[in-house]
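# Inside the fold
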Amino acid sequence: MSEEMKADLDLDLKGLLCPMPMVKVSQNIASVPVGGTIRAVATDPGSMADIPAWAKSTGNEVISAEKVDGEFVFMVKRLK
Amino acid sequence: METQQMTTLAGVLDKKMNRQLKQYLDICARCAICKDACHQYVATQDFKYLPARRAELIRQIYKKYFTKTGEFVPALYEARDPDENLLDELYESAYACTGCRRCMYYCPFSIDTAWILSVAKAILIAAGKGNEMLGQLADAALFKSDNFEMFKDVIVDGFKDIELQVKELTGDPDAEIPVDKQGADILYVALAGAHSILPAAVIFHEAKASWTLSYFEAANYGYFFGDAVKARQIADRFMDEAKRLGVKEVVITECGHAYRVAEIFHEAWSGEKHSFKVRHILEVIDEYITDGRITVRPDAITEPVTYHDPCQVGRNGGIFEQPRNIVCALASDFRDMTPNREQQWCCGGGGGLVAISEMDEFRLKSGTIKAEQIKATGARIIASPCENCRLQMEGLNDSMELGIEVKAIMDLVLEAMPLAGSSAKVTPTD
């Protein structure tokens, strides 16, 4: 799904260690409009739990979270 | 702000008041020795970062609500209400502080300004003005444990990926990353990422240790946020796991504040004595090397190496020699910084500052003393057992072109261990 959608913001979080991928998504969410999306690519496996947990606890939405060729690709939608 | 709300905020100070805090608030002689101890004040020369000035903001509320002179003649006795202006000043003072407690070390009365600023954070949270990012990170950690079944599979899948690298490095197809292992000696509490799990798993494997990995990460943003209840709940996640599994000790990864929370604060917060020991991973590794349970090549690192004492591990945690023992066991050219150990300068990255983007410029500026210390050693590698310190020093390395490599101690140990498996360098993010 993430490959088909054009995100409002692309974040390259490769090489960042947890919890920094979650921190970077959180720092950037305000820069997309409500309803807009961030496509984030991380390499730390901890992000697979961290980013969805952050989204749930802040009232945002992870549309997809996939492992692609050893990278973790997230589409995060700003809901408020 | 309404009078009732200001009285409520002053009530937060009342709830936190005890004999020690009262002494800190009463005894400051304004000698300002602390100004030369604070890396942030020395680097910026900005009055608002002077430790005594930061504490003075809480002292002004104390005078207004807890002394008759301040109550009746506030202007004369520098007493203030916690109004919007004071709260804004408190925010800058409290959330900019890394909690390194170097000011306390040099204070003639040992005033713990970081403690006073924890009260400031409690007041700010009560006013709805706590730092948003730190609050979000704390809430995300609690959400993960409150809805654990939602995340368990993805967490375990991540462990399995790392386990493949452990098998490859050790050359042992049966090597594993055990989780939920009843009766293990050690519960190892890592960070969320692979970087703090892989090297420890290899070291435990080579030492033939009885261990199990916690489902939960050691990092505690509730502590940085300043919410003692959330901080305890975040630590409870792995402390309860340790009780359930009946381990003999909880071993905290290379993370400064997580170690201090677990070893120093948690028993007091929970009102319950631990049935197990709490140790830092470097205490364990030093013991393994000393006892011959693992081997490191003494000339594994020939480039000059220096060591940064994280404030929460060193000055506030009391661990000074074990990391140096480990580095000296594997590096032929170790160069200590000056000053070091309990007098070590804070790098500027603690207190959750690395997660607060609006403080990035200030944070890096406050690290100039640390950068000069590193330069003076001539070291090419700096090792430090704290994630926040390493992030800060990587930032200093980039911004000040120090030309150094920033490493965790466990990574150096892994490089120095003769392993039966793949000799190819495997990085935790591969």
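Residues numbered from 1 in each chain as written. Chains lettered and ligands numbered in written order. Predicted model: local features only at pLDDT ≥ 70, side-chain atom pairs only at ≥ 80, totals over all residues.

## Description of the packing of helix α2 (residues 47–58) of chain A against helix α9 (residues 132–146) of chain B
Two quantities define a packed helix pair, namely the angle between the axes and the distance from one axis to the other. As a reminder, the rule being used: Note on method: axes are straight lines fitted to C-alpha atoms, helices fitted across the in-contact stretch only, with angles between N-to-C directions ranging 0 to 180 degrees. A helix here means a DSSP run of H or I that spans at least four residues, while a strand means a run of E at least two residues long, and both kinds are numbered starting from the N terminus. When an angle is under 35 degrees it counts as roughly parallel; over 145 it counts as roughly antiparallel; between 65 and 115 it counts as roughly perpendicular; any other value is oblique. Think of it this way: build a C-beta for each residue from its backbone, and any pair within 7 Å is a contact. Throughout, the ten residues Ala, Val, Leu, Ile, Met, Phe, Trp, Tyr, Cys and Pro are labelled nonpolar, Asp, Glu, Lys and Arg are labelled charged, and all others, Gly among them, are labelled polar.
Where α2(A) meets α9(B), the closest approach of the two axes is 8 Å, and the angle between their N-to-C directions is 105°. Relative to α9(B), α2(A) is oriented roughly perpendicular. Between α2(A) and α9(B), the contacting residues are A49(A), D50(A), A53(A), W54(A), K56(A), S57(A) and T58(A) on the first element and Q136(B), D139(B), A140(B), F143(B) and K144(B) on the second. Considered class by class, the residues forming the contact of α2(A) with α9(B) number five nonpolar, three polar and four charged.

## Focus on the pairing of strand β1 (residues 186–189) of chain B
All names here are of chain B. The cut-off we apply is this: For every residue, the other C-beta atoms within 10 Å of its own C-beta are counted; 20 or more classify it as buried, 12 or fewer as exposed, and values in between as partly exposed. C-beta atoms are placed from the backbone. We treat two strands as partners when DSSP finds at least two bridges between them. With the strands pointing away from the viewer, any crossover whose connection runs clockwise from the first strand over the helix to the second is right-handed.
The alternating pattern of β1 places I186 and Y188 on one face and L187 and V189 on the opposite face, and all of these are buried. Bridge analysis of β1 against strand β2 (residues 211–213) gives three bridges, and the strand direction is parallel. Bridging across to β2, L187 finds its partner in T212. At this point the chain moves from β1, through helix α11 (residues 198–206), to the parallel β2, and the crossover so formed is right-handed. Pairing between β1 and strand β3 (residues 249–252): four bridges, direction parallel.

## Some points on the sheet that holds β3(B)
Residues and elements named next belong to chain B. Spatially, the four strands line up as an open sheet ordered β2-β1-β3-β4, and their pairing is parallel. Either end of the sheet is taken by a strand with one partner, and the two such strands are β2 and β4 (277–280). Going from strand to strand, the sheet's axes swing by 25° on average, the running direction of each strand aside. As judged from the four bridges shared by β3 and β4, these two strands associate in the parallel manner. Looking across to β4, one finds that I252 is bridged to H280.

## Some details on the nonpolar core
Residues and elements named next belong to chain B. The line we're drawing: Think of a nonpolar core as buried Ala, Val, Leu, Ile, Met, Phe, Trp, Tyr and Cys residues, each tied to the set through C-beta atoms within 7 Å.
In terms of nonpolar packing, the biggest core is built from 164 residues, with I58, A120, V189, V250, I252, L330 and V413 touching the most fellow members. Looking at which element gives the most residues to this core, the answer is helix α8 (residues 113–126), with eight residues. Among residues more than four places away in sequence, those in contact with I252 are V189, A218, A258, Y259, A262, V278, H280 and I281.

## As for α2(A)
We count it as follows: Every helix has an expected span of 1.5 Å times one less than the residues it contains.
End to end, α2(A) covers 16 Å across twelve residues, agreeing with the expected 16 Å (1.5 Å per residue, within 8%). With eleven of its twelve residues buried, α2(A) lies for the most part within the structure. Listing the buried residues of α2(A) in full gives S47(A), M48(A), A49(A), D50(A), I51(A), P52(A), A53(A), W54(A), A55(A), S57(A) and T58(A). For α2(A), the elements touching its buried residues are α1 (20–28), β2 (37–42), β3 (61–68) and β4 (71–77) of chain A together with α9 and α10 (148–170) of chain B.

## Regarding the environment of A42(A)
Residue and element names in this part refer to chain A. Residue placement: A42 occurs in strand β2. C-beta crowding within 10 Å serves as the criterion here: with 30 such atoms nearby, A42 is assigned to the buried category. The spatial distance from the C-alpha of A42 to the C-alpha of E71 is 5.9 Å, given a sequence separation of 29 residues. Beyond its immediate sequence surroundings of up to four residues, A42 is in contact with L13, K14, L16, P21, S47 and F72.

## So, the interface of chain B and chain A
Contact residues are listed per partner, giving 21 residues for chain B and 20 residues for chain A. Of all elements in the fold, only α9 and α10 of chain B reach the threshold of two or more residues within the side of chain B that touches chain A. Residues belonging to the side of chain B that touches chain A are distributed by class as follows: twelve nonpolar, six polar and three charged.

## A closer look at the domain arrangement of chain B
All names here are of chain B. Rules: Domains are outlined according to an automatic or database domain assignment.
For chain B, the domain assignment lists domain 1 (3–129), domain 2 (135–290) and domain 3 (305–416). If you average the C-alpha positions of domain 1 and of domain 3, the two centres end up 29 Å apart. Elements with a contribution of two residues or more to the side of domain 1 that touches domain 3: α3 (39–44), α6 (84–96) and α7 (102–106). Among the elements that take part in the side of domain 1 that touches domain 3, α3 stands out by supplying five residues, more than any other.

## Digging into the packing of α2(A) against α10(B)
Their axes nearest at 8 Å, the elements α2(A) and α10(B) cross at an angle of 150°. With respect to each other, α2(A) and α10(B) are oriented roughly antiparallel. For the pair α2(A) and α10(B), contact is made by M48(A), A49(A) and A53(A) and by F151(B), V154(B), I155(B) and G158(B), respectively. Of the residues that constitute the contact of α2(A) with α10(B), the class distribution is six nonpolar, one polar and no charged.

## A few points about the confidence of the model for chain B
Residues and elements named next belong to chain B. What counts, and what does not: pLDDT measures how confident the predictor is about each residue, on a scale from 0 to 100.
Of all residues in chain B, 98% have pLDDT values of 70 or greater, and the mean over the chain is 95. Segment residues 424–430 is flagged for pLDDT under 50; beyond a separation of four residues in sequence, or across chains, it makes ten contacts in the model. In the model output, the complex is listed with pTM 0.94 alongside ipTM 0.90.

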